[in-house]
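An overview of the molecular structure
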Amino acid sequence: MAKEESSIAKTAAEMVKGLAGSYAVTLKHLFRKPITEQYPEYKKPLPARSRGRIILTVDPDGDERCVACYLCSAVCPTSCISMESRERDDGRRHAAWFRINFARCIYCGLCEEACPTLAIQLTPDFEFCKDDILKFVYEKEDLLVNHGGRNQEYNFYRHAGLSEKGEKGTHINEKPPVDVKSNMP
Amino acid sequence: MPRLVIDDLQIEVPEGTKVIEAAERLGIMIPRFCYHKALGSAGACRMCAVKFIHGPFKGLQMSCMIDAQDGMVVSTTDEEAVAFRRQVIEWLMMNHPHDCPVCDEGGQCLLQDETVSGGHGLRRYPGRKRTYHDQYLGEFIAHEMNRCIHCYRCSRFYQDFAGYRDLGPMQIANRVYFGRFRDGPLESPFAGNLVDICPTGVYTDRSSRYKARRWDLQRVPFLCIHCSLGCSTVASARYREVVRIEARFNESVNGHFICDRGRFAYPYANLADRPRRARVDGEDASLAEAVRAASGRLDQISMNAGPDAVALVASDRCSLETLAVLKRISREKGWRHPAVFPRPDLEHKTRRAVSRLDRRLAVSMRELESADFILAVGIDPVHEAPMLALALRQAFREDAGIVVMDPRPVSAPFDFDHVAIAPAEIGGCLSRITEALSALQADSAAQGKETRRPEAAGPLRADLDSRIAGIVERLRGSRNPVIVCGTDIVRDSTPDRAADLARLLLQLKARPCLFFVLPGPNSFGAVLLAESPGRSFSDVVQDIEQGKVKALLVVESDPFKNFPDRERLERALDRLDLLAAMDYLPTSVVGRAHIVLPTCTVFECGGSFINQEGRVQRVEPVHEGGIPVHQVSGGGHPPRVFSHEVPGGEIEAAWRTALEVAGYTNARDNLSILKIMAEEHPGFARCRDIPTSRSFRVLPDAGDRPPVCEETGDRAAPEAADTLEVVLVDRFFGTEELSGYSPVIQNADSEPLVFLHVRDAEPLGIAHSDWISIALEGGGLEVRAGVSAQMAEGVLVIPRHRLLEWQKLGPVPAQIPFGRISRAGKE
Amino acid sequence: MTMPAMCRGTGKTGMMWILGFILLLIKLVLVLAVLLGMAAALVLVERKLLGRFQIRYGPNRVGPFGLLQPVADGIKMLLKEDIVPASADRVIFMLAPAAVAMTSLLIFAVVPFAEDLTVRGRRIPMVIADLNVGLLFVLAMSSISIYGIALGGWASNSKYSLLGGIRGAAQLISYELSMGLSLVPIVMVSQSFSLVDIVNAQANYPFILVQPVAFLIFLVCSMAEANRLPFDLPEAENELIAGYHMEYSGMRFALYFVGEYVNMVVIGSLLAVFFLGGWRGPFLPPIVWFLLKVMIVPFFLIWSRASLPRFRYDQLMHLGWKVLLPLSLLNIVVTGAVILVTGR
Ligand code: SF4
Ligand code: SF4
Ligand code: SF4
Ligand code: SF4
Ligand code: FES
C-alpha cells in the first residue's frame, strides 16, 4: 500500500517536473535572440552539395558527360526526367533530347546519386520561380553548363571498355587487345 | 521418375532432367550463364554450383551438369555454395568493362542480375582488364567482345543448334574469342537470336541500338506475321514507335527462337511515309470525312451499276477480324466477296491444304522436331518458312532422315537428300510413293502373294525410280515420319497428293504426320472465311477490264506486288470509277487511290491470325498508335505543347474503318467483333471463351469430313524441250511484303540471283554470278545469274524480289525458250 | 421591465429607460469592440510570442514589426472565396461558425469588468447584464458553443471534419463536468451565482488562495474547452488536417478563428472573475487590473502551446474522467467540510 502511494507520488512528481521543465525551456527561449535570418535581405551562402536546380555537366575535354543511360529517369520518384538516347556519328552515346520538368521535381537528389557519369548534378540554386508552369520544363540546352560541376576530373569514357575516342585497350587499366590469330601464349 | 529434395522441397522429375531444371520447376532459380533450356549444359561458367548433401553425389557440384536422381538432397543456399558463387561472379567481373551505362543489355542483363544476386558490388582486383577487338557482324548485330564471360552460349547456338559455321570460339584459356574468322555479315538467318541468348551485352540489336531500356518499354506478347508459321515474339514500343522484337518461348510453335525476318521486319510500322492522313481525291481529309466519302461513293456505284460492281480486295496479312468484317459487309451489301489471293492457283492450293488438315493429321513444329523421317516437298524451308528449317535441324540432330523434293538449289542447315525435280513432277512422285507404300502394305497384309510393282503415275525419269524406292523404304522403316508440303511452287493437285500420303502414313504409324506451309500469315483464316469457289485478284482484274467492276476497295493489300503484269493492272485500275485503299503501308495502290483510309498496324490494334497448322493466335496492341514522337519532333525534343489528342491518333483498325464505310456505326467495339467472327465461322466462337493469351486450333476432327478428296487436275504446263520453266519463289529477305519495307532488312539484303542448272547454263555460256538478260514482250530483264548443280534441270528459279521486275514475266507457270536468255555485257 | 412599460414610455420613467438603453448600447459597442480588438491583437501576439518561444521573429513584414499583420489577415479572410462543398449540408454548414463566435461573445455579457460607476447619482454597472444565475449562464453558453464545432464538422460531409466534430463533442462533455464542479466551491464560498457577487466576495483575498485546486481544474478544463493545445484534438493537424473546420474558407473560417481567440479572452476574464478577484487590486484603476488579469491567461495558453505536445485521445479521456472529475468532487467535499467546521 505504502509502496503504491509512493509510486503515485513519484509519478506525480515526475509529471510536475516534466511540465515545469518544458515550460522552463520555452520561457528561456523567449528571452533569447532569434536565430532567424532575414532571407531576401541576407542570403546565406549554401554548401555546394545543397539540392537545388539541376544541371548537366561536361567532361574535362568539354564533351557532354551524359550518356543517356536512362538511369536517372528510372530512379526519379516523380518521373520528371525524360530523354531519348542516340548514337552520335563518332560513336558516342548521348541524349538526342533530355528534359526535366522542374514543376514536378522534388529535388531529392536521387538522379544525381544514380548517375554513373557524374553528368547530372544538383546545384545550390533554389530561387526558382516562374509565372508559367511550362517554363519549368527545361530542355537539354537549358540544362547543359560548360563545366564539370563538383568534379572537374571524371571522364566516364576513359574508364569504359567501349571504344569511343580512344582505341580498344587504351583506356584506364586496360591490357592491349587479345590477338586472336596468334599462337603465342 | 527420380524424386529429390531441393531446399527442403520435394519434386519428382522425368529421367534425365538436370538438377538446375528441377529446381526451376520448384520456382528456385539457380544462377546460371551457360545453361539454357534449348542448348543444354556446358559446365562452362561454374555459376550454378549447389551443395549436394545426400545421394549419389556429395559436396559442391554444378547443378546443370548433374541429372536428377532418386534420393538426392540438394541445398542451393548452403554457405559453401553461396560463397563459391560469389567468388565465381567476382572472377567473371574481373575483366568485365565499365560499360553498363552505354550497354544496351543493361536493364535486361543476366550478368547484372547475377552480379547483384551474388553479392558482388565493389571491385577488389586492381589489375588490368583484358580487351578484344570487335568485329563488324552485319547490319543486325553489334559486337562488343570485351563484355564476354565465356559461357559458350553463342557458339553452341550458332553451330550446334542452328547449324551454321561462320561464328565460333577462337583462342584458348583466358583469351577465348567469339566471332568470325574475319569481319562480315553473319550467314545464319537465325543470328538475331544471339542477342537474346547472350547473357551479356556482347551481341546487341543494332536496329534498336540505344533506343530504350527494358523498363521503359511497352512490352506485349506478340506474334510474327512474316510467314505462315506464326512464331511467338515479344514486341516492345517506346515513344509511339516499335523498337524491338524478341523471341518468346512457345512450346508448340517456335520454341525459344525466331528468325531474323521476324526480328528485324518491324520498322515497317515506323515508316515516316506511312499513310497517316486520310485523303480524298488527293486532298487531306479527316478520317470521318474520308469514310463518309467512300461510303457515299460506294453506295452510289452499287445503286447505279448494281452492288456486283463493287469488289473488295484483301490479303493474307489482314487479321481475321478484318477478313470476317469484309466477308460480312460484302454479303450484306451484295458486294463481291473479298479476293484475298493474288493468283487462282495459290487460293486453290491453300484451300485444298486447309481442307485436308484435321486434328489427327496436323503436326506442330515442336512435334516435327521429334520426327525420325521427313519428306519435304515443294518447299525451300529457309526461304519460305525459316523457323521450319530450324525445326528440321533439330530433327536432324536427333538422327532423322530428311528428303527434300524441290527444284530449287535448296540449302539448309542440315544434311538432306535433295531430289531435284521440276514442280510438275513432284505430284507424280508423291502418288507413286503412296501407291508403292499402300501396295507394300497390302502385300504384307496378304503374305506370300506376288509383289506387284507400282506403275508410274506419270511420265517420270527413270533415275527417279531408285530414289523413290529408297524413300518408300525409309517411310516404311520409320517410326514417326512427317510429310512437309509447300503450297507456292507446286502444282494444284500436290497438296492433295501429300495429304493422301499422309493419310496412309497415319493408318500405318498412327501418328500425326502432315505439315503444310501456306503462302502467308493468315492464308488459313482467309480460306476458312472464303466463299467457294473463291476468287483471286486476277479474276477481279478481268472483271474490271470487262467493265463489270467499277469500284474497288483494297484493304491492306498491294496488288502491284503480286500481280504478274504491272501495265495491265495500271490500265485496269485507271478504268475504275472509284479506287479506295485502306492500308498502313505506303504501297503503290495507296499512291494512286482516289480515297485513302489509313489503318493501323497489328502493333497498334492487335488482331487474330491463323497459322499453317490451324492455330488461332491473338495479340493485343503494343501501343496506342499515333505518329512516333521522333517524327513529330524531328529528332529533337518533343513539342512543348500539350493536347489531349495524339498526333495521328485517329487511325483505327481496318475492320473498324471497314464497318464504318459500310455504315455500321454501332458494332465497332471488341465484343461485337467477336460476335461477327463467330457468326462468320463457327470455329471462331471460341475466341470469346479463350483468353487472348492462349491459342487454339480450329481444325476439324477427323470424323467430320469426307474421307476422300475431290480429284483436282493440274493446269497443264506447256512442255517443250528447248524451254526453261519459270519458277517464281520466295526468298528469306526481299520477297515478303512487310519486311521489304524495313530499312534494316533492305540494307542487309544481298543481291537477288536467278538460278539455273549448270547443264542448262553451260550451253548458254553463263557462269555463276554473270549478268544475264531475259528478253520478254514487256522489255528485257537484267539479272545476275546463279548457277548450281544442286537443282532441277529445265527450270529457271526467279525470286519475287522487290528489286527484280519479275512482274514482266506474265502469268506463271511460264516457259522461256533458251533463245531468250543470254549473257549480258553488264558487269 | 415589461412590454407595457416600454410602450407606455412616457415621463421620467420613459426618459430613464431610454437613457438606460443608450448606456447599454454604448457598453455593448465598447465591449464588443474591445473584445474583438483584443482577439485580433491576440492573433498577432500569439504568432509573435510563439515565434520568440521558438527563437524566431514571427510575422515582421506587414507594417512596423508586423503590427499590421491582423489587418492583412482580416483583408485576406474577407477577400477569400467562401467555398461550400458540393455535398455539404448547406444551411447548417453556413450557420455553424456563427454559433461558435456568438456563444463566446455572449458569455462576456455576464462578466463584470470594473467597479460600478456612479455618474450623477446614477449607478452604472460595469457589466452588461448582471444575471443572478450568471455562472450557470456561462456554463450553458460554453456548452452551446460545442454545437458550432460538432455541427460544422458534421455538415462539411468530410471524414476529417466529422472526426474532428465528434472529438470536439466528446471532449467538451468530458470536461464540462469537471469545469462545472470546480466552480461549485466558489459558489459555496461566495454564496451567489452572480458574477458580480463573486467578485465582491473576493474583496479581501482572491479565491485562488483558498481554492487552488479548483483554480487548477478550471484552468485545465477551460483549456480543453477552448480547444487549445495540448487539447486541440478536434483540429489535430497531423491526423485530421484541420479537423472540424477543414472545409471552411474565407470569413466563415474567420468566424471559427475569431471564436477561438475571443474564447481565450473570455476564459481569461472568467478566471479573473472567479479566482483572481476580478477588477480588484491596489493602486491601479480597476479596469487596468482587470485587463492585466485577463491577459495572464492567453499568455499562459500560448506558452502552453509552445511547450506541450498534444494529448493522445485516450490520455485526454483519462485525464478528464479519472483525474479531474474525482479531484473536483473531492474538492467540493473538502470545501464543504471546511465550511461546516469553520461555520463560514
Ligand atoms: S531531384 Fe529527385 S525528383 Fe528531381 S529530377 Fe532528380 S530524382 Fe527526380
Ligand atoms: S543518369 Fe547521368 S548519364 Fe544517365 S541519363 Fe541520367 S544524366 Fe545521363
Ligand atoms: S553486359 Fe551487362 S553487366 Fe556488362 S556492361 Fe552490359 S549491362 Fe553491364
Ligand atoms: S559472347 Fe555472349 S554468349 Fe558468347 S560466350 Fe560470350 S557471353 Fe557467352
Ligand atoms: S550454368 Fe552450370 S556451369 Fe554454367
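Residues numbered from 1 in each chain as written. Chains lettered and ligands numbered in written order. Predicted model: local features only at pLDDT ≥ 70, side-chain atom pairs only at ≥ 80, totals over all residues. Heavy atoms only, no water.

Another point: the site of ligand 2. Surveying the vicinity of ligand 2 reveals the residues A:C66, A:V67, A:A68, A:C69, A:Y70, A:L71, A:C72, A:M83, A:C115, A:P116, A:T117 and A:I120. Class assignment of the residues belonging to the shell around ligand 2 gives a composition of eleven nonpolar, one polar and no charged. (Near = heavy atom within 4 Å. Nonpolar A, V, L, I, M, F, W, Y, C, P; charged D, E, K, R; others polar.)

As a further point, take the packing of helix α6 (residues 159-190) of chain C against helix α9 (residues 212-225) of chain C. Residue and element names in this part refer to chain C. Running from N to C, α6 and α9 cross one another at 155 degrees; their axes reach a closest spacing of 9 Å. Relative to α9, α6 is oriented roughly antiparallel. Crossing geometry of α6 relative to α9 is assigned as left-handed. On α9, the residues that touch Q171, L172, Y175, E176, S178, M179, S182 and L183 of α6 are A214, I217, F218, C221, S222, A224 and E225. Of the residues in the contact of α6 with α9, the class split is nine nonpolar, four polar and two charged. (Axes fitted to C-alpha atoms, helices over the stretch in contact; angles between N-to-C directions. Helix = DSSP H or I, 4+ residues; strand = E, 2+ residues; numbered from the N terminus. Parallel < 35°, antiparallel > 145°, perpendicular 65-115°, else oblique. Left-handed = near helix turned anticlockwise from the far one by under 90°. Contact = heavy atoms within 4.5 Å.)

The next thing to look at is a nonpolar patch on the surface. All names here are of chain C. Taken together, the side chains of F65, L67, L68, V71, I75, L78, L79 and M251 define a hydrophobic patch exposed on the protein surface, amounting to about 860 Å² of accessible area. Mapped onto the elements of the fold, V71 is located in helix α3 (residues 69-79). Taking the relative accessible area as the measure of exposure, V71 reaches 46% and is therefore partly exposed. (Patch = residues over 30% accessible without salt bridge, like charges linked within 9 Å, V, L, I, M, F, W, Y side chains within 5 Å. Areas by Shrake-Rupley, 256 points an atom, 1.4 Å probe, with all protein chains shown as cover. Salt bridge = Lys/Arg side-chain N within 4 Å of Asp/Glu carboxyl O. Buried < 20%, exposed > 50% of the residue type's maximum accessible area, 1.4 Å probe, protein only.)

If you walk through the whole model with that rule in mind, you get 15 cavities of 30 Å³ or more. Put simply, the largest cavity is a space of about 580 Å³. B:D316, B:P342, B:P519, B:K561 and B:N562 are, among the 38 residues lining the largest cavity, the residues nearest its centre. Its residues placed into classes, the lining of the largest cavity shows 19 nonpolar, seven polar and twelve charged. The volume enclosed by the second largest cavity comes to roughly 120 Å³. Around the second largest cavity sit 15 residues that line it, and C:I107, C:S142, C:E225, C:N263 and C:I267 are the ones nearest its centre. For the lining of the second largest cavity, the elements supplying multiple residues, two or more each, are α4 (90-107), α5 (134-155), α6, α9 and α11 (250-274) of chain C. Looking at the lining of the second largest cavity, the element that brings in the most residues is α11(C), giving four residues. Each residue belonging to the lining of the second largest cavity can be placed in one class, and the counts come to eight nonpolar, six polar and one charged. (1 Å grid on protein atoms, 1.4 Å probe; cavity = no way out; pocket = protein on both sides within 12 Å on 5 of 7 lines; lining within 4 Å. Points joined across faces, edges and corners; volume = space filled by probe spheres on them.)

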